[in-house]
Amino acid sequence: MDGVRSVPARREKGQKKMKCPYCNHPDTRVIDSRPADDGNSIRRRRSCDVCGKRFTTYEKVETIPLIIIKKDNNREQYSRNKIEAGVLRACYKRPVSADDIQKTIDCVETKIFSLEEKEIPSSTIGELVMEELKSLDEVAYVRFASVYREFKDVNTFMAEIKKILDK
Ligand SMILES: [Zn+2]
């Protein structure tokens with residue numbers, strides 16, 4: 001070996017540590033995560049705090065073990081389809097294009113994966129979806145919120161609608 005060392009990619013404590021390809025520093029910082037165009041991987045921009053270089057990695061979605069913590073504290077595997085189902089239900093018969101729906105889900109997914117958590121409460125995902133729906137379609141937002149927040153009575157429901165109308 002003449003000074004060239006190969007360092008195998010290692011994962012410690014489930015965290016994805018990515019070593020810097022320029023200076024071999026064992027850990028780098030994620031500055032941006034988003035779904036790649038193929039829909040099956042996450043594109044991450046990383047930055048090395050030691051040498052300041054930036055690089056991009058592509059990580060297969062199925063290799064990113066994201067677990068959702070449900071309200072009853074049970075765990076389940078993250079599923080984009082579940083988010084999609086909720087958004088589609090909320091947008092039923094609303095003037096929202098299929099394209100906009102997919103973009104909305106992309107935004108939610110980008111935010112989810114940017115959290116870089118191994119386990120995420122379903123409530124966090126619900127809030128992220130609501131955030132995106134609010135700017136997409138207000139009726140869809142209220143529908144989603146009413147199911148998601150399980151409004152106990154008509155007053156809480158009206159309060160939520162008022163918040164939107166007061167904007
Ligand atoms: Zn570096």
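Everything numeric in this text was worked out from a predicted model, so none of it was measured.

### A word on the coordination of the zinc ion
All of the protein donors around the zinc ion are Cys20 (SG), Cys23 (SG), Cys48 (SG) and Cys51 (SG); their distances to the metal are 2.2 to 2.4 Å. Angles of 104 to 117° at the metal separate the four donor atoms of the zinc ion, which places the site in the tetrahedral class. Ordering the donors of the zinc ion by residue number gives the pattern C-x2-C-x24-C-x2-C.

### Remarks on the sheet that holds strand S8 (residues 119-121)
With mixed pairing, the three strands of this open sheet are ordered in space as S7-S6-S8. Because the sheet does not close on itself, it has two edges, and the strands there are strand S7 (75-77) and S8. Along the sheet, successive strands turn relative to each other by an average axial angle of 35°, direction set aside. The pairing of strand S6 (residues 67-69) with S8 spans three bridges and is classified as parallel. The residue of S8 that forms the bridge with Ile68 is Ile120. Lying over the sheet, helix H3 (residues 122-136) contacts S6 and S8, oriented at roughly 65° with respect to S8.

### Considerations on the layout of surface pockets
Roughly 620 Å³ of internal volume is contained in the largest pocket. In terms of lining residues, the largest pocket is bounded by 22 residues, among which Lys82, Ile83, Gly86, Phe144 and Tyr148 are the most central. At the level of elements, S7, helix H1 (80-90), H3 and helix H4 (138-148) are the ones that each hand at least two residues to the lining of the largest pocket. Considering every element that reaches the lining of the largest pocket, the biggest residue donor is H1, with six residues. Among the residues making up the lining of the largest pocket, the classes are represented as 10 nonpolar, five polar and seven charged.

### A short note on the nonpolar core
The nonpolar side chains of soluble globular proteins are, as a tendency, buried together. Core analysis: the biggest nonpolar cluster contains 26 residues, and Tyr78, Ile83, Val87, Ile112, Ile125, Val129 and Leu133 have the highest contact counts within it. Within the residue set of this core, elements represented by two or more residues are H1, helix H2 (98-114), H3 and H4. Per-element accounting of this core gives the leading share, six residues, to H4. When sequence neighbours within four positions are dropped, the list of residues in contact with Val129 reads Ile83, Val87, Val108 and Phe144.

### Focus on the sheet that holds strand S4 (residues 41-47)
One open sheet holds the three strands; their spatial order is S3-S4-S5, and the pairing between them is antiparallel. Either end of the sheet is taken by a strand with one partner, and the two such strands are strand S3 (29-35) and strand S5 (54-60). Along the sheet, successive strands turn relative to each other by an average axial angle of 25°, direction set aside. Relative to S5, S4 runs antiparallel, the two sharing seven bridges. Across the sheet, residue Arg46 finds its bridge partner in S5, namely Phe55. Here H2 sits on the sheet in contact with S3 and S4, set at roughly 155° to S3.

### So, the confidence of the model for the protein chain
Per-residue confidence for the protein chain gives a mean pLDDT of 81, with 81% of residues at or over 70. Under a pLDDT of 50 for its full length, residues 1-15 has, in the predicted model, eight contacts with residues more than four places off or in other chains.

### What to know about the packing of H1 against H2
Relative orientation of the contacting elements H1 and H2 amounts to 135°, with a least axis distance of 10 Å. Classified by the interaxial angle, the pair formed by H1 and H2 is oblique. Two packed elements cross with a definite hand, and for H1 against H2 that hand is right-handed. For the pair formed by H1 and H2, the contact residues are Arg80, Ile83, Glu84, Val87 and Leu88 on the first element and Ile101, Gln102, Ile105, Asp106, Val108, Glu109 and Ile112 on the second. Of the residues contributing to the contact of H1 with H2, the split by class is seven nonpolar, one polar and four charged.

Cut-offs and rules
Residues numbered from 1 in each chain as written. Predicted model: local features only at pLDDT ≥ 70, side-chain atom pairs only at ≥ 80, totals over all residues. Heavy atoms only, no water. Donors = N, O, S within 2.8 Å, 3.2 Å for Na, K, Ca; no water. Tetrahedral: all angles 85-135°; square planar, octahedral: opposite > 155°, others 65-115°. Pairing = 2+ DSSP bridges. Helix = DSSP H or I, 4+ residues; strand = E, 2+ residues; numbered from the N terminus. Axes fitted to C-alpha atoms, helices over the stretch in contact; angles between N-to-C directions. Contact = heavy atoms within 4.5 Å. 1 Å grid on protein atoms, 1.4 Å probe; cavity = no way out; pocket = protein on both sides within 12 Å on 5 of 7 lines; lining within 4 Å. Points joined across faces, edges and corners; volume = space filled by probe spheres on them. Nonpolar A, V, L, I, M, F, W, Y, C, P; charged D, E, K, R; others polar. Core = buried A, V, L, I, M, F, W, Y, C linked by side-chain atoms within 4.5 Å. Buried < 20%, exposed > 50% of the residue type's maximum accessible area, 1.4 Å probe, protein only. pLDDT = per-residue confidence, 0-100. Parallel < 35°, antiparallel > 145°, perpendicular 65-115°, else oblique. Left-handed = near helix turned anticlockwise from the far one by under 90°.

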